[in-house]
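Structural overview for review
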Amino acid sequence: MTSSNQQPIPAARPIIGEEEIEAAVRVLRSGRVVQGPEVAAFEEGFSELVDGRHCVAVNSGTSALHLLLLALGIGPGDEVIVPSFTFAATANVVRLVGADPVFADIDADTYCLSPAAVEAAITPRTAAIMPVHLYGHPAAMDQLMAIAAKHKLAVVEDACQAHAAALNGTPVGAFGAGGTFSFYPTKNMHSLEGGMVSTGDAEIARTLRLLRNQGMEQRYANEIVGVNMRLTDVAAAIGRVQLAKLGGWTDQRIANAAYLTKHITAPNVTTPVVAEGAHHIYHQYTIRFSGDRDAAMAKLTEAGVGNAVYYPTPVHQLKPFWEPDQKAGRNWDLPETARAAAEVISLPVHPSLSTEDLERIVVAVNDLGENL
Ligand SMILES: *Cc1c(COP(=O)(O)O)cnc(C)c1O
């Protein structure tokens, strides 16, 4: 039970500190506000997180994914293998470029794409595999890259939840043809809104720069058809402040997760699994609860412990995907996706948690074991 003097612990807590505010004001006063020197510096700084790959900043993580698919030439007639246990953006962008998402199941332990399921989903139309590093845990990139190489497929990493996660020392966003990051306020770092594409290919990087700016590098010398997905310098300046703090925040998330995993002992709760060689950066700390999840979540909320389900409905069951698939007679068999969607609960793990907050979370979760 919460005593009346205890504030609820939010599930996520976006940070906008004095430094972020000062950076924004400094840029506003400078008059250079759109895709200027701050954006260039943000791209250069971020590239250190992705083994020095080219980085192209855009106005959201969704834009990053969208432009990367366009830059890779993925479009009508192509299939892209995606997880269904993800945020809808992953599959939305596939449809937006005119390609067909093919939904593959996940591994029960990591909630990321199952390499075996991916291999089984490959057809002559498959153009790309799009793993999501869900909750900040890297997907099985060694196996997925091998499958892609064997079948000559592009790999697009949705790293929107996984800033500075890694597998066997290689950072996410440095495996595939390209990777994408989101700087939405609830992510591990933010720029209010914003996104980044990383790629090892200078030509793709140049195409991305053209696409985000109406197809122009030089004004009115349009080379291709493009859009406006530019990032502002105000956003980039905030992103740079956050980038400098990301390492410390990530260490704190990992320490918070370690505390929770050590002390959560309820028999009907499974704590997160970290695959061998994986550097999990805990965008979410997600447990499985076997029992009445709605009742469990209500009890956590009552105890002042923020909680949420990412994601209650698998993407393939969302209307914009379900309806056309039904019409086309496409059925997906995704048992682990269904089980995860029914069982997961994400708990607070953000770097602003105090020791008392962590203790309260543990007590509330262990109490579920006694009472549900
Ligand atoms: C947040 C997120 C996106 C989209 O990022 P936005 O910046 O919100 O557009 C894409 N994929 C995943 C997995 C995400 O979590």
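Residues numbered from 1 in each chain as written. Predicted model: local features only at pLDDT ≥ 70, side-chain atom pairs only at ≥ 80, totals over all residues. Heavy atoms only, no water.

1. So, the environment of lysine 150
Relative to the helices and strands, lysine 150 resides in helix H6 (residues 141-151). Of note is the side chain of lysine 150, whose polar atom sits 2.9 Å from the side chain of glutamate 119. (Helix = DSSP H or I, 4+ residues; strand = E, 2+ residues; numbered from the N terminus. Polar contact = N/O pair within 3.5 Å; in protein donor to acceptor, adjacent residues only side chain to side chain.)

2. Points about a nonpolar patch on the surface
On the surface, Ile16, Ile21, Val25 and Leu192 cluster together to form a nonpolar patch covering roughly 310 Å² of accessible area. Along the polypeptide, leucine 192 turns up in the loop between strand E8 (178-182) and strand E9 (195-199). (Patch = residues over 30% accessible without salt bridge, like charges linked within 9 Å, V, L, I, M, F, W, Y side chains within 5 Å. Areas by Shrake-Rupley, 256 points an atom, 1.4 Å probe, with all protein chains shown as cover. Salt bridge = Lys/Arg side-chain N within 4 Å of Asp/Glu carboxyl O.)

3. Let's talk about the pattern of salt bridges
The tally for this structure, following the rule as stated, stands at 18 salt bridges. The shortest N-O distance in the salt bridge between glutamate 38 and arginine 240 comes to 2.9 Å. In this pair, glutamate 38 sits in helix H2 (residues 37-47) while arginine 240 sits in helix H8 (residues 233-263), placing the two residues 202 residues apart along the sequence. Aspartate 367 serves as the salt-bridge partner of lysine 299, at 3.5 Å between the closest nitrogen and oxygen. Here lysine 299, found in helix H9 (residues 293-302), pairs with aspartate 367, found in helix H12 (residues 355-371); they are 68 residues apart in sequence, far enough to count as distant. The exposure class of aspartate 367 is partly exposed, given its relative accessible area of 30%. It is possible to trace a salt-bridge network through shared partners that takes in Glu79, Arg95, Asp100, Arg125, Asp325 and Arg330. (Buried < 20%, exposed > 50% of the residue type's maximum accessible area, 1.4 Å probe, protein only.)

4. Describing empty space enclosed by the protein
Empty space among the atoms becomes visible once a probe the size of a water molecule is rolled across them. Enumeration according to the criterion identifies three cavities of 30 Å³ or more in this entry. Within this model, the largest cavity holds a volume of roughly 100 Å³. Here the residues of the lining of the largest cavity are counted per class, giving seven nonpolar, five polar and three charged. Residue-level mapping places the lining of the largest cavity at the junction of two domains, with at least three residues from each of domain 1 (18-105 + 112-242) and domain 2 (247-371). Estimated volume of the second largest cavity: approximately 60 Å³. Its residues assigned to classes, the lining of the second largest cavity comprises five nonpolar, five polar and one charged. (1 Å grid on protein atoms, 1.4 Å probe; cavity = no way out; pocket = protein on both sides within 12 Å on 5 of 7 lines; lining within 4 Å. Points joined across faces, edges and corners; volume = space filled by probe spheres on them. Nonpolar A, V, L, I, M, F, W, Y, C, P; charged D, E, K, R; others polar. Domains from an automatic or database assignment.)

5. Looking at the site of the ligand
For the ligand, the set of nearby residues contains 14 residues, the closest of which are Gly61, Thr62, Asp158, Ser182 and Lys187. Between glycine 61 and the ligand, the recorded distance is 2.8 Å, taken from a backbone N or O atom to an oxygen atom. Take serine 182: an N or O atom from its side chain is 2.6 Å from an oxygen atom of the ligand. Surface burial for the ligand is 92%, taken as the share of its 380 Å² of free accessible area covered by protein chains. (Near = heavy atom within 4 Å.)

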